[in-house]
Amino acid sequence: VQLQASGGGLVQAGGSLRLSCAASGRAFSSYVMGWFRQDPGKERESVAAISWSGGSPYYADSVKGRFTISRDNAKNTVYLQMNSLKPEDTAVYYCAAVSRDSGSYYNKYEYDYWGQGTQVTVSS
C-alpha cells in the first residue's frame, strides 16, 4: 500500500483545512486508517483513526469536536477535516494504514504503512 497525503498549508487560527490521503492497492476498504502528527523534536502523536467500516472513529482529546475523519472507499481516500485550528495544531501530518484491526488506533506502532507527510502551519 502506498499513501499520498495532501492538503496542508498555512492558515490563521480559527481557520479550516482538509487533508486527504490517497491510497494505492486493492484492499484499501479493509484497512484501518489513521492520521498522526509530529512537531520537530517531539514524538509522533495520534490525531484520529477510522476503521474499515467508518464506524466509531477515534480522536485524540486535543482534537475532539474540531477534527473529523472520514473515508471514501470507492476513491481509496481518507480525509481529515480540521476546523477551529489552533497554533498548537502546527505539525507535519501523516496518514497511516494497517490491515488488522486491533482496536489500538492511537498506537503508531500498530501501523504498517505511512505516507510522506504534509505540513500544517497555524498562525496566531
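Here is what the cut-offs are and how they apply
Residues numbered from 1 in each chain as written. Predicted model: local features only at pLDDT ≥ 70, side-chain atom pairs only at ≥ 80, totals over all residues. Heavy atoms only, no water. Salt bridge = Lys/Arg side-chain N within 4 Å of Asp/Glu carboxyl O. Helix = DSSP H or I, 4+ residues; strand = E, 2+ residues; numbered from the N terminus. Buried < 20%, exposed > 50% of the residue type's maximum accessible area, 1.4 Å probe, protein only. Polar contact = N/O pair within 3.5 Å; in protein donor to acceptor, adjacent residues only side chain to side chain. Contact = heavy atoms within 4.5 Å. Core = buried A, V, L, I, M, F, W, Y, C linked by side-chain atoms within 4.5 Å. Pairing = 2+ DSSP bridges. Axes fitted to C-alpha atoms, helices over the stretch in contact; angles between N-to-C directions.

(A) Molecular detail of the pattern of salt bridges. Tallied over the entire structure, the rule returns 7 salt bridges. Notably, a salt bridge pairs D89 with R37, separated by 2.9 Å at the nearest N-O pair. Taken together, the residues span a long stretch of sequence, with D89 in the loop between β8 (77–82) and β9 (91–98) and R37 in strand β4 (residues 32–38) at a distance of 52 residues. For the pair D89 and R37, a shared accessibility class is recorded, and that class is buried. Through salt bridges with shared partners, one network takes in R37, E45, R66 and D89.

(B) Focus on the side chain of T118. Position of T118 among the secondary structure elements: in strand β11 (residues 118–123). Residue T118 is classed as buried on the basis of its relative accessible area of 11%. A polar atom in the side chain of T118 sits 3.1 Å from the backbone nitrogen of G8. Leaving out residues up to four positions away in the same chain, T118 has contacts with A5, S6, G7, G8, L19, A91, V92 and Y93.

(C) Highlighting the nonpolar core. If you look at the biggest cluster of nonpolar residues, it comprises 29 residues, and the most contacted ones within it are M33, W35, L80, M82 and Y93. The set of elements that each furnish at least two residues to this core consists of β1 (3–6), β3 (17–23), β4, β5 (45–50), β7 (67–72), β8, β9 and β11. Residues contacting Y93, with those up to four places away along its chain left out, are L19, W35, F36, R37, V47, F67, L80, M82, G117, T118 and V120.

(D) Focus on the sheet that holds β7. As summarised here, the arrangement of the 4 strands in space is β1-β3-β8-β7, forming an open sheet in which the pairing is antiparallel. The open sheet is flanked by β1 and β7, the only strands paired with a single partner. On average, each strand axis in the sheet is tilted by 15° relative to the strand beside it, whichever way the strands run. Relative to β8, β7 is paired through 6 bridges, and the arrangement is antiparallel. Each residue of the ladder has a partner; that of S70, found in β8, is Y79.

In short, the description is geometric, and any link to function would need to be established separately.
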